[in-house]
Amino acid sequence: MTAPKKLFIKTYGCQMNVYDSERMSEALGGQGYVATDRPEDADMILLNTCHIRERAAEKVYSELGRYRVLKEAKPDLKIGVAGCVAQAEGAEIMRRQPLVDLVVGPQSYHRLPQMEAQIRTGVRAIDTDFPEEDKFEALTARPKARRAPAAFLTVQEGCDKFCAFCVVPYTRGAEVSRPPERILSEARDLVDRGVRDLTLLGQNVNAYHGAGAGGDWTLARLIWALNDIDGLERIRFTTSHPNDMSDDLIEAHASCPKLMPYLHLPVQSGSDRILKRMNRSHTAESYLRLIERLRAARPDILMSGDFIVGFPEETEADFQATLDLIEAVGYGYAYTFKYSTRPGTPAAERVQVDEAVKDERLQRLQALITRQQQAVQQTMVGRDLTVLFEKPGRFAGQMGGKSEYLHAVHVHAPEAQPGDLARVRITESVRNSLAGVLI
Ligand code: SAH
Ligand code: SF4
Ligand code: F3S
């Protein structure tokens, strides 16, 4: 028997890339690869890339440069680029980087085994098509290995929203929803293998509309069906668009027992003028009203968001409106980004905000967000929460896990195993996590 070949995958970008890397690793498992976390041991290196901001894309080229020595030492080493940079710049990567053997876009991962066979014969392979066939169907041959308690599951992919700053509609393609039956069977399989907390993924996950029994299913209907799976304890979903937050989904937050009180709902800006130029098709006011409805349904729901500063033409007054919106919402988490021009998107052509101004706004935004996050985390102290243990902590007998609200919690719990749920009294809010004691 020949020794298994080793595969090193480096994952950048969003949670969907994490999910995709698992699927690619499984697909190449069928070609005799086992995973390694050391690139120098690998027979194949795959970079699963992100194109969302300029810096993210640049990292890919510098990382590839670092692999040159590895390839010189081991000429049989194969190097592949997957993900959104592959989709956006595949042909150029092939041209600029002779050491790259393979380029594969997100919609072609099911073709990886054939592509791998091709590059083994010394012929470079590139596939950035948007094929008709269902890639997920071809990617679900899962091994039966035990899984960590928390997992991602892609239910929807692609985006038809075309925000003026964003590359995702170009790199992931048009919105496609997977059929509910497939998702449910994948979820059951994950639960059989130890998963307790499932995060449903989609670029616009709440626009989910999978063709199932009785017609198109909404995300809410899918969540209710997942709620019936024994052994599954927690359901989350990300990322949602404000315009697709339907009544049945808000209702699910009120009454679906396994749906967690946490929602990532990006708004990007608090200025209607900027929102309009971003092509967001909602206003700050409609967003705030939506959050009111969500909080009426689930008063303790913890809100999370994404914000961009320095979008073209953003004035100090526009930026102030963003700060005001954040003050009004009170976020538990928020992710802040400096606007980055992306080739091919409408906003790239407009008058840009000065870099120093962007930096200064980002700092002020981050200061506000940090204060808010800490304040929300502080409200957890003294409360009794349920923690899903994920892995041992840094100290003997300590376990780390997540609360309903996705805060990291550390507890002295020598008997506990990953996957256990425990009631915990929160005693302290440390920088990025909570400490508590078993009740
Ligand atoms: N709906 C998507 C959003 C992906 S991008 C999803 O699946 O999560 C995540 C965030 O990156 C966006 O919400 C936005 O805040 C930020 N972003 C996107 N394009 C950007 C750009 N050109 N410059 C800066 N930030 C950007
Ligand atoms: Fe990008 Fe907007 Fe689509 Fe989100 S909704 S993926 S930000 S275009
Ligand atoms: Fe990045 Fe593509 Fe995700 S651009 S954020 S990896 S969808």
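Refer to the structure above for everything that follows.
Rules used in this analysis
- Residues numbered from 1 in each chain as written.
- Chains lettered and ligands numbered in written order.
- Predicted model: local features only at pLDDT ≥ 70, side-chain atom pairs only at ≥ 80, totals over all residues.
- Heavy atoms only, no water.
- Helix = DSSP H or I, 4+ residues; strand = E, 2+ residues; numbered from the N terminus.
- Rg over C-alpha atoms; globule rule 2.2 N^0.38 Å.
- Buried < 20%, exposed > 50% of the residue type's maximum accessible area, 1.4 Å probe, protein only.
- Near = heavy atom within 4 Å.
- Nonpolar A, V, L, I, M, F, W, Y, C, P; charged D, E, K, R; others polar.
- Phe/Tyr/Trp six-rings, centres within 6.5 Å; stacked < 30°, edge-to-face > 60°.
- Lys NZ or Arg CZ within 6 Å of the ring centre and 35° of its normal.
- Contact = heavy atoms within 4.5 Å.
- Pairing = 2+ DSSP bridges.
- Right-handed = clockwise from strand over helix to strand, strands pointing away.
- Polar contact = N/O pair within 3.5 Å; in protein donor to acceptor, adjacent residues only side chain to side chain.
- Axes fitted to C-alpha atoms, helices over the stretch in contact; angles between N-to-C directions.

Draft legend 1. Molecular detail of the overall build of the protein chain. Along the backbone of the protein chain there are 14 helices and 21 strands. Over its C-alpha trace the protein chain gives a radius of gyration of 22 Å, about what one expects of a compact globule, namely 22 Å for 439 residues. On the principal axes, the C-alpha backbone points of the protein chain span a range of 60 × 60 × 50 Å. In the protein chain, which comprises 439 residues, the proportion classed as buried is 54%.

Draft legend 2. Local environment of the site of ligand 2. Near ligand 2 the following residues occur: Cys159, Lys161, Phe162, Cys163, Phe165, Cys166, Val168, Pro169, Asn204, His241 and Arg280. Of the residues belonging to the shell around ligand 2, the class tally is 7 nonpolar, 2 polar and 2 charged.

Draft legend 3. Layout of the packing of aromatic side chains. Tallied over the entire structure, the rule returns 5 aromatic pairs. Consider the rings of phenylalanine 311 and tyrosine 339, whose centres lie 5.4 Å apart with planes at 75°: the pair is edge-to-face. Taken together, the residues span a long stretch of sequence, with phenylalanine 311 in the loop between strand S15 (302-309) and helix H13 (316-329) and tyrosine 339 in the loop between strand S16 (333-338) and helix H14 (355-378) at a distance of 28 residues. The pair phenylalanine 311 / tyrosine 339 is uniform in exposure class, with both members buried. Of the aromatic side chains, those joined through ring pairs into one cluster are Phe165, Phe311 and Tyr339. Over the aromatic face of tyrosine 61 sits the side chain of arginine 96, whose NZ or CZ is 3.8 Å from the ring centroid.

Draft legend 4. Structural context of the environment of serine 271. Locating serine 271 in the fold gives a position in the loop between strand S14 (262-264) and helix H11 (272-277). Residues serine 271 and glutamine 320 lie 49 residues apart in sequence; the distance between their C-alpha atoms is 8.3 Å. In this view, serine 271 contacts Asp318, Ala321 and Thr322; residues no more than four positions away in its chain are not counted.

Draft legend 5. Region of interest: the pairing of S15. Judged by how many residues are buried, S15 sits mostly within the fold: 8 of 8 residues are covered. Here S15 shows a buried face lined by Leu302, Ser304, Asp306 and Ile308 and a second buried face lined by Met303, Gly305, Phe307 and Val309. Judged from the 3 bridges that link them, S14 and S15 form a sheet pairing that is parallel. Bridged to histidine 264 within S15 is serine 304. Pairing of S15 with S16 involves 6 bridges; the strand directions are parallel. Bridge pairing in S16 links aspartate 306 to tyrosine 335. Regarding topology, H13 serves as the crossover connection from S15 to the parallel S16, and that connection is right-handed.

Draft legend 6. Molecular detail of the side chain of threonine 336. By the element assignment, threonine 336 lies in strand S16. Under the relative-accessibility criterion, threonine 336 is labelled buried at 17%. One polar contact links threonine 336 to glutamine 366, side chain to side chain, over a distance of 3.1 Å. Residues contacting threonine 336, with those up to four places away along its chain left out, are Phe307, Leu362, Leu365, Gln366 and Ile369.

Draft legend 7. Spotlight on the site of ligand 3. Around ligand 3 sit Cys14, Asn17, Thr49, Cys50, His51, Ile52, Cys84, Arg172 and Gln203, and those are all the residues in its vicinity. Grouping the constituent residues of the shell around ligand 3 by class yields 4 nonpolar, 4 polar and 1 charged.

Draft legend 8. Layout of the sheet that holds strand S1 (residues 5-11). Reading across the sheet, the 6 strands line up as S2-S1-S3-S4-S5-S6 and stay open at both edges, with parallel pairing between neighbours. The two strands at the open ends of the sheet, each matched to only one other strand, are strand S2 (33-35) and strand S6 (125-127). Taking the axes of each pair of neighbouring strands and ignoring which way they run, one obtains an average angle of 20° across the sheet. Bridge count for strand S3 (residues 44-49) against strand S4 (residues 78-82) is 5 bridges, and the pairing is parallel. Considered in S4, the bridge of isoleucine 45 is made with isoleucine 79. Running over the sheet, helix H4 (residues 83-96) touches S3, S4, strand S5 (102-104) and S6 and is turned about 140° from S5.

Draft legend 9. Seen up close, the environment of glutamate 415. Locating glutamate 415 in the fold gives a position in the loop between strand S19 (408-412) and strand S20 (421-429). Glutamate 415 gets classed as exposed once you look at its relative accessible area, which sits at 72%. The spacing of glutamate 415 and glutamine 398 is 17 residues in sequence and 9.4 Å in space, taken between C-alpha atoms.

Draft legend 10. Structural context of unusual backbone geometry. The omega angle of the peptide bond from threonine 238 to threonine 239 is 5°, so this bond is cis rather than trans. Checked against the element boundaries, threonine 239 lands in the loop between strand S13 (234-238) and helix H10 (247-255). At glutamine 268, a position not held by glycine, the phi torsion is positive, near 80°. With respect to the helices and strands, glutamine 268 occurs in the loop between S14 and H11.

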